[in-house]
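Listed below, chain by chain, are the residues.
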Number of protein chains: 6
Amino acid sequence: MRPSGRKLDEMRVISIETGVTKHAEGSCLIRCGDTHVLCTATIEDKAPSFLKGTGLGWVTAEYGMLPRATNTRNRREAAAGKQSGRTQEIQRLIGRALRAGIDRVALGERQIVVDCDVIQADGGTRCASITGGWVALRLAVNKLLKTGAISSDPIVDHVAAVSCGIYAGQPVLDLDYAEDSEAGTDGNFILTGRGRLIEVQMSAEGATFSREEMGTLLDLSEAGVARLVEAQKAAI
Amino acid sequence: MRPSGRKLDEMRVISIETGVTKHAEGSCLIRCGDTHVLCTATIEDKAPSFLKGTGLGWVTAEYGMLPRATNTRNRREAAAGKQSGRTQEIQRLIGRALRAGIDRVALGERQIVVDCDVIQADGGTRCASITGGWVALRLAVNKLLKTGAISSDPIVDHVAAVSCGIYAGQPVLDLDYAEDSEAGTDGNFILTGRGRLIEVQMSAEGATFSREEMGTLLDLSEAGVARLVEAQKAAI
Amino acid sequence: MRPSGRKLDEMRVISIETGVTKHAEGSCLIRCGDTHVLCTATIEDKAPSFLKGTGLGWVTAEYGMLPRATNTRNRREAAAGKQSGRTQEIQRLIGRALRAGIDRVALGERQIVVDCDVIQADGGTRCASITGGWVALRLAVNKLLKTGAISSDPIVDHVAAVSCGIYAGQPVLDLDYAEDSEAGTDGNFILTGRGRLIEVQMSAEGATFSREEMGTLLDLSEAGVARLVEAQKAAI
Amino acid sequence: MRPSGRKLDEMRVISIETGVTKHAEGSCLIRCGDTHVLCTATIEDKAPSFLKGTGLGWVTAEYGMLPRATNTRNRREAAAGKQSGRTQEIQRLIGRALRAGIDRVALGERQIVVDCDVIQADGGTRCASITGGWVALRLAVNKLLKTGAISSDPIVDHVAAVSCGIYAGQPVLDLDYAEDSEAGTDGNFILTGRGRLIEVQMSAEGATFSREEMGTLLDLSEAGVARLVEAQKAAI
Amino acid sequence: MRPSGRKLDEMRVISIETGVTKHAEGSCLIRCGDTHVLCTATIEDKAPSFLKGTGLGWVTAEYGMLPRATNTRNRREAAAGKQSGRTQEIQRLIGRALRAGIDRVALGERQIVVDCDVIQADGGTRCASITGGWVALRLAVNKLLKTGAISSDPIVDHVAAVSCGIYAGQPVLDLDYAEDSEAGTDGNFILTGRGRLIEVQMSAEGATFSREEMGTLLDLSEAGVARLVEAQKAAI
Amino acid sequence: MRPSGRKLDEMRVISIETGVTKHAEGSCLIRCGDTHVLCTATIEDKAPSFLKGTGLGWVTAEYGMLPRATNTRNRREAAAGKQSGRTQEIQRLIGRALRAGIDRVALGERQIVVDCDVIQADGGTRCASITGGWVALRLAVNKLLKTGAISSDPIVDHVAAVSCGIYAGQPVLDLDYAEDSEAGTDGNFILTGRGRLIEVQMSAEGATFSREEMGTLLDLSEAGVARLVEAQKAAI
């Protein structure tokens, strides 16, 4: 029934390749099927000014998409002169998600910037960005631990995200673009390695959904994130 | 336990005053406690260009906050030269929510713009905007029906929204600013008059939450939206 | 002869309601007929940087109009990405006018920002903003005096403004939108409580006027401002 | 008493040189003392879109100042990314003034753009722009008449402007920068060749003025504009 | 003598991998040592408006750099709200270079947009963009030929570019970042497959160079481009 | 053969008038035929922040064109809200060129800003800006030497620029607009007074050129710059 022939609860093939750029403190290329995102983590010695003197660290994220990552070319945001509302929404989401897995006291007064750039898009780019962004963050933090810049590990748990939705009347896991553009209801679920919820965003465009469907989607997302966490573990 | 002395499932006092500006096709001033939002609906004869020739209508929303709606003055977005990511996120949310309650075929190829301007803020401004925005939309559609511009009612159900969160370890309904700024986990729930879900946005900043807590918050939101829908009915 | 049936020298009904928002140090909602402007005054501990170390204070103003304050919806300036020339012209005018009634030494090195937001427009919004803005400023300064932050009153006189113009060949006082959009010549007169002139802006679009007409308009404005000052006194 | 040694009602030396650029349909370099403004008029075949089909023409103006036209360098507005409020205010003023001297029916559905660029500034740049801009406009219209593009002269009268103010307690004519920066009260007066008023803008920064002073300044401006109109006549 | 140990006329290892994204009509990942650029070509049915009705086609380019492509993170241009002068200069250069190898009549009234996004930077990104951009363009044109959209090949020759400069007093070929940041004189040479010059940009920052040095650099560039053209041929 | 009737190696008439504005530390109006550029140099006590504490000075340039400097009016960049890619490219070029003639140690930690504003354009505006900009810079530096602010002359040589190109198959010197808009290949050559090269920018739009042609153009440019340097010497 799914355009890709996948089962309702079947995820796309996941691959996470680390160390893909020589400059960044942490980096990976995550592939969730045909969605490919390059994630880099940059350590900055200074925290944002609103944290000055607090001893607390910060993790933030930026998101971008290459103009021809999609089927038809999108206008380059740098040329348009601003980031779209969608881009800003996504990068705020990635940042919040990654911060939920961090002990900001242990991180110390510094900032880690996670850049997620979509090389090729086929649905689920914000989820892939979170899952891959966590790997880049993990690698950058490892560097801080190794050099002794920090003494205890500020990462408290894995963070990963998956999309779920109702496609052709059925709850499905890990929507690709063909499904995403047709689904009346879909959303993103961000969970920790231990299965705790960080963020739930279910949204119906021109449709509504029931409490029961909400429950099924939460079940699917738990299974999906467990798979992603395995892939994260394998990558590091 | 709540700063306001309210019970865990107690909402703030709601008031919806309609017809508050002489120019708009529909308008109301919604007060949820100390959060006051002026909502107006404007009917435009043309739909956005991406709908040209489809016969489908559109509902969109814009959101703003007066500089001194809050405890300390915020920079005016018009002076800053752009809408913040937060503003864009909110107005996209309001638009999606209101469209979920509309039959776009029955609306016909026109657009209704709902403006939500926060006069005074005390938490929950996006929820009040959705609840009040629906009333303004309803009044504008009534005008279209009355003049015969459209023949069947495009509004399929009420749409209203309420915030819920975990404050001091307890699930609470309808957070005010004092709670909102302290809650580790909070979110917005948009439902129809019949209790169907339109959008769920639960987010943990520096915390996580369980499936059980998610369930309790969904229960609270159902009760809260039912109250808001009553207030909408009373207002019209 | 006037669309509203008013006499040539008859002003619209004026009402000034104070204390309309709980956050601002001073606030009022001024209504001049169907023109309604919400004015708030915010006290900031720091003066602008060009005054650093001078001991002098500053009063500045910002002006905005809700998108549907007018008969047809205007594009939101925050969405357009800039304030129009008209908006900037008006807010510069309000700021200059209010500063003319202030002893900047007595105010001390701090700033008061007066925000004037038009809720509903029917002509004369800049004049209503000045008259109402002065009330918000007065209330904020009262707070400074009460707390002992300043010891002598920096407000040297009332400041109020009224529009006059030549409509259908006759000099008229306090133009509403129907007159304003037709008048070949119109302008704004800002005076103190003692009747001294602060600013005169007469402008002819596609017409010209004589010295005699200028004199009559100055007479009308003196009478009009006297009425507004009475309303200010009653409000405080 | 005046820094320049001029008498209270003495204007600076005026010179208007026409035909200073080979491309523009009309052009002049106007010098009012040390204030030098290059004015060009460009004829465009199309009127602005809001006039489409009305048969009416339009005259508009743009104003700029070279970065080092002043004593200390100003940031280039093109580099800053926007025109200041002051620039917009001035160019709107120039446009309104020039339109007051034009019969827009006789002009026909086309637009004339008058660019006023300040090469060197010493006070009174907006007045010089109006006086010189009118000359450029006159020359461009002459070209339209000569080629037969229009048959009757749309220019109904001269338009010229002069500043007046109260400097060191005395009403003075044609303020230079030294006076302008000290004057508590000053303004701009735009009149026609026949002495009719087009625009009066008197403004007090930190001071106020009386009806009598207003009268004296109007007298001075009439004399000043008469001199400028003579210079315009001599130039053409 | 060179930081990399290369000989004066030795180029870095070149690799060109084609077909790297599934959406673009033509794509490649070019690697010149540690400089990696992803190039995609997008075919658009419409030419830019200035070519409407001429029957001529257009090739244009856009350039970007991922924030952490470099040793220290650069601010994202989309977040900064504009493309830097450097970015605009580079993308104008790439576009001009590629157009020099195209018969715009044979291409027909359509546009090909070549996007060059630097994944990792180590000097010479604009040259790699031109060399790789030509491959993406070639592949996209092949698609047009294959589908019969055009009948004769509009590509008249290879286009490739290499940098040369004077490093530590010696003329060197294909500068990497370590050399580029130290070289007093360096530049970019764009040539065709037949060795004709398209563009020469030699620039001295804080130094000057002689006619003889210019000659040597031109010799080096001819040899370098010949190597790049071989790599292009091998890739297709 | 040339539209102007000039010989292939004949330059336009050059005139350089100094001291043309009373405010700038150095200024000139350079005329190369019908191309007229006003150049001013402003001395700023502070160097840019990236030089803080280095003891090194900086020279930078900004470039602008009056809207009607050209045959058809160009949109004012300040109104458009940004400088075009072309403008940025040119002003970066002027800055680099002038810095090549300066000893930044001798200049000391200060900045000189050279503004080049095109009053009338007929091709070659960037070359005229460099040649005239150098004169303004020279005059400003003279002022620093005269006041004793610096003790040794930081100007190491003249800097001047000329365009060359291939017009109607022939190499020509100093292209005017009629030639520039037709030439398949053209470029700018910046040299010192001693004939050393600073920058070479040859570019072919829809054509290519040979090594031999490159040589001829270099010869022409040497002769042309020698003439410009004579004019610079005469002007000072």
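The model shown is predicted, which means the values in this text are computed figures rather than measured ones.

### Considerations on the UniProt feature "binding site: phosphate" (unreviewed entry) in chain A
- The sites that carry the UniProt feature "binding site: phosphate" (unreviewed entry) are, in the present numbering, A:Arg86, A:Gly124, A:Thr125 and A:Arg126. Spanning 41 residues, the named residues form one tight spatial group whose C-alpha atoms are at most 13.4 Å apart.
- Within the secondary structure layout, A:Arg86 lies in helix H2 (residues 85-99).
- Ignoring anything within four residues of it in the chain, the contact list for A:Arg86 reads A:Tyr63, A:Met65, A:Thr125, A:Arg126 and B:Arg92.
- In terms of polar contacts, A:Arg86 uses its side chain to reach the side chain of A:Tyr63, at 3.4 Å.
- The topology assignment puts A:Arg126 in helix H4 (residues 125-146).
- Dropping the residues within four chain positions of it, A:Arg126 is found in contact with A:Arg86, A:Ile90, A:Leu93, A:Asn188 and A:Gln201.

### Some words on the interface of chain C and chain D
- Each partner contributes residues to the interface: chain C has 33 residues there, and chain D has 33 residues.
- When the buried surface of chain C facing chain D is broken down by residue, C:Glu89, C:Leu197 and C:Arg211 rank first, second and third, together holding 22% of it.
- Linking chain C with chain D are six salt bridges.
- Here C:Glu222 and D:Arg211 are joined by a salt bridge, their closest N and O atoms 3.2 Å apart.
- For the side of chain C that touches chain D, the element with the highest residue contribution is strand E9 (residues 197-204) of chain C, accounting for eight residues.
- Of the residues in the side of chain C that touches chain D, the class split is 11 nonpolar, 10 polar and 12 charged.

### Concerning the sheet that holds strand E8 (residues 185-192) of chain C
- Spatially, E7(C)-E6(C)-E8(C)-E9(C)-E9(D)-E8(D)-E6(D)-E7(D) is the arrangement adopted by the eight strands of the open sheet, whose pairing is antiparallel. At either margin of the open sheet sits one strand with a lone partner, and together these are strand E7 (170-173) of chain C together with strand E7 (170-173) of chain D. Along the sheet, successive strands turn relative to each other by an average axial angle of 15°, direction set aside.
- The pairing of strand E6 (residues 159-167) of chain C with E7(C) spans four bridges and is classified as antiparallel. What sits directly across from C:Ile166, in E7(C), is C:Pro171.
- Along the sheet face, helix H4 (residues 125-146) of chain D touches strand E6 (159-167), strand E8 (185-192) and strand E9 (197-204) of chain D and points at about 165° away from the line of E6(D).

### Side note on the packing of aromatic side chains
- For the structure on display, the rule yields six aromatic pairs over all chains.
- Taking the centre distance of 5.1 Å and the plane angle of 90° together, the rings of E:Phe50 and E:Trp58 count as edge-to-face.

### Some remarks on the relation of the copies chain E and chain F
- Superposition of chain E onto chain F requires a rotation of 180° combined with a translation of 0.0 Å along the rotation axis, giving an RMSD of 0.0 Å. Within this description, the copies of the chain are treated as partners about a two-fold rotation axis. For chain E, the smallest separation between a C-alpha atom and the rotation axis is recorded for E:Gln201, amounting to 2.2 Å.
- Residue by residue, 100% of the interface of chain E is reproduced at the interface of chain F, so both copies engage with the same surface.

### Quick word on the interface of chain E and chain F
- Between chain E and chain F, the contact holds 33 residues from the first and 33 residues from the second.
- Here chain E meets chain F over a buried area of about 2900 Å², counting both sides, of which 43% is carbon and sulfur.
- Where chain E touches chain F, the interface holds six salt bridges.
- Taken together, the links from chain E to chain F amount to 20 residue pairs in polar contact (both at pLDDT 80 or more).
- Counting only elements with at least two residues in the side of chain E that touches chain F, the list comes to helix H2 (85-99), strand E9 (197-204) and helix H6 (211-235) of chain E.
- In terms of residues, the side of chain E that touches chain F owes the most to one element, E9(E), which gives eight residues.
- Split into classes, the residues belonging to the side of chain E that touches chain F amount to 11 nonpolar, 10 polar and 12 charged.
- One ladder, built from five bridges, connects E9(E) with strand E9 (residues 197-204) of chain F; its direction is antiparallel.

### A word on the UniProt feature "domain: Exoribonuclease phosphorolytic" (unreviewed entry) in chain A
- When the UniProt feature table is mapped to this numbering, "domain: Exoribonuclease phosphorolytic" (unreviewed entry) covers residues 10-140 and 159-222 of chain A.
- The distance from the first to the last C-alpha atom of residues 10-140 of chain A is 31 Å, and the span holds 30% helix and 31% strand.

### A word on the pairing of strand E3 (residues 35-44) of chain B
Residue and element names in this part refer to chain B.
- Judged by how many residues are buried, E3 sits mostly within the fold: nine of 10 residues are covered.
- Two elements, strand E2 (residues 26-32) and E3, share seven bridges in a ladder whose sense is antiparallel. Looking at the pairing, serine 27 lines up with threonine 40 of E3.
- Here E2 folds back onto E3, and the loop between the two strands holds two residues, one of which, glycine 33, carries a positive phi near 60°.
- Where E3 lies against strand E5 (residues 111-120), nine bridges are found, and the strand directions are antiparallel. Paired with cysteine 39 across the strands is cysteine 116, a residue of E5.

So, how was this worked out
- Residues numbered from 1 in each chain as written.
- Chains lettered and ligands numbered in written order.
- Predicted model: local features only at pLDDT ≥ 70, side-chain atom pairs only at ≥ 80, totals over all residues.
- Heavy atoms only, no water.
- UniProt positions renumbered as here; feature names shortened; annotations may be inferred.
- Helix = DSSP H or I, 4+ residues; strand = E, 2+ residues; numbered from the N terminus.
- Contact = heavy atoms within 4.5 Å.
- Polar contact = N/O pair within 3.5 Å; in protein donor to acceptor, adjacent residues only side chain to side chain.
- Buried area = accessible area lost by both parts, 1.4 Å probe.
- Salt bridge = Lys/Arg side-chain N within 4 Å of Asp/Glu carboxyl O.
- Nonpolar A, V, L, I, M, F, W, Y, C, P; charged D, E, K, R; others polar.
- Pairing = 2+ DSSP bridges.
- Axes fitted to C-alpha atoms, helices over the stretch in contact; angles between N-to-C directions.
- Phe/Tyr/Trp six-rings, centres within 6.5 Å; stacked < 30°, edge-to-face > 60°.
- Least-squares fit on C-alpha atoms with pLDDT ≥ 70 in both.
- Buried < 20%, exposed > 50% of the residue type's maximum accessible area, 1.4 Å probe, protein only.

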